[in-house]
Amino acid sequence: MSLAVRALSKEYPTRSGPLPILRGVNLALGRGDALAVMGPSGSGKSTLLHILGTLDTPSSGGVTLDGTDPFALPEAELAAFRNRRIGFVFQDHHLLPQCSVLENVLVPTLVSRGTAPAVTDGYARQLLERVGLAGRLDHRPAELSGGERQRVAVARALVLKPMLLLADEPTGNLDRKTAQAVGELLLELHGQENTILVVVTHSPDLARLFPRRAEMADGALVDAT
Ligand code: ADP
Ligand code: MG
């Protein structure tokens, strides 16, 4: 299990010409690795995470996941690859308001074929127990605290056992104590599941929990461990 990023660059077309954001990012991570990416607002952290998550494409350079270049896959295969192999946690929980906690965690399994519903249902319940929400399965997101909503988002990100777990400012909307707890939970589950975890944050408190840290500077990743 591996993630390799080579000479990755990204520029956005703008009216005044191409705007370079990433200028040669290199990164190699393996199973069990956890990296916190720091850097000021606007430095390209989300852009990098979106490309790692195959939600956006590089301008040049490449990304391989377990030796596969996802951007070389046809659209439908890429969507299936993303669904099965990559889990996302965003700053905003992005839970469906009309669905229960359990249903929200099961959302990624609806588009994924191959595993029996009873198996995924059982695993979703187990994950919700592990994030401390066994007593909240029937709640709607509006009936949860901010920290609980992010815990649901973490369980949802893991329900298809992804190899790569990506989180963009996952604690950005939480108070300090709750942020700490959610950060610790992310790392704990990552450790248990042996994923590759990349978290983008401008919170030094969250970054400090990580064994490996890097800083986004002038469009490149600089080791800051
Ligand atoms: P960060 O997450 O570190 O705050 P982002 O990756 O969101 O930074 O954005 C980096 C820079 O890229 C910002 O200056 C932003 O204005 C610019 N940017 C992001 N998306 C686009 C886009 N679609 N078109 C043009 N510029 C963009
Ligand atoms: Mg961002």
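All values derive from a computational prediction rather than experimental measurement. (Residues numbered from 1 in each chain as written. Chains lettered and ligands numbered in written order. Predicted model: local features only at pLDDT ≥ 70, side-chain atom pairs only at ≥ 80, totals over all residues. Heavy atoms only, no water.)

Undergrad: So what about the site of ligand 1? Which residues, and what values?
TA: Lining the immediate environment of ligand 1, one finds Tyr12, Ile21, Pro40, Ser41, Gly42, Ser43, Gly44, Lys45, Ser46 and Thr47. Taking Ser46, its side chain carries an N or O atom lying 2.9 Å from an oxygen atom of ligand 1. Taking 570 Å² as the accessible area of ligand 1 by itself, protein coverage stands at 59%. Per-element tally for the shell around ligand 1: the top contributor is helix α1 (residues 45–52), with three residues. Across the shell around ligand 1, the residue classes tally to three nonpolar, six polar and one charged. (Near = heavy atom within 4 Å. Polar contact = N/O pair within 3.5 Å; in protein donor to acceptor, adjacent residues only side chain to side chain. Areas by Shrake-Rupley, 256 points an atom, 1.4 Å probe, with all protein chains shown as cover. Helix = DSSP H or I, 4+ residues; strand = E, 2+ residues; numbered from the N terminus. Nonpolar A, V, L, I, M, F, W, Y, C, P; charged D, E, K, R; others polar.)

Undergrad: Outline helix α3 (residues 101–110), supporting the account with residue identities and numerical values.
TA: Of all ten residues that make up α3, seven are buried, and the element is covered over most of its length. For α3, the set of buried residues is Val101, Leu102, Asn104, Val105, Leu106, Pro108 and Thr109. Contacts made by the buried residues of α3 are with α2 (75–85), α4 (117–130) and α5 (146–158). (Buried < 20%, exposed > 50% of the residue type's maximum accessible area, 1.4 Å probe, protein only. Contact = heavy atoms within 4.5 Å.)

Undergrad: Mind laying out the side chain of Ser9, listing which residues take part and the relevant values?
TA: Its location among the elements puts Ser9 in strand β1 (residues 2–14). A polar contact of 2.6 Å, which involves the side chain of Ser9, links it to the side chain of Ser60. Those residues in contact with Ser9 that lie beyond four places of it in its chain are Leu22, Arg23, Gly24, Pro58, Ser59 and Ser60.

Undergrad: I'd love a proper account of the sheet that holds strand β2 (residues 17–30), names of residues and values included.
TA: In space, the three strands of this open sheet follow the order β2-β1-β4, with antiparallel pairing throughout. With partners counted over all chains shown, the strands left at the sheet margins are β2 and β4 (60–65), one partner each. Each strand axis lies, on average, 25 degrees off the axis of its neighbour in the sheet, ignoring direction. In terms of strand pairing, β1 meets β2 through eleven bridges, oriented antiparallel. Along β2, the bridge assignment pairs Ser9 with Arg23. Packed onto the sheet, α1 meets β1, β2 and β4 and runs at close to 125 degrees relative to β1. (Pairing = 2+ DSSP bridges. Axes fitted to C-alpha atoms, helices over the stretch in contact; angles between N-to-C directions.)

Structural measurements only, silent on function.
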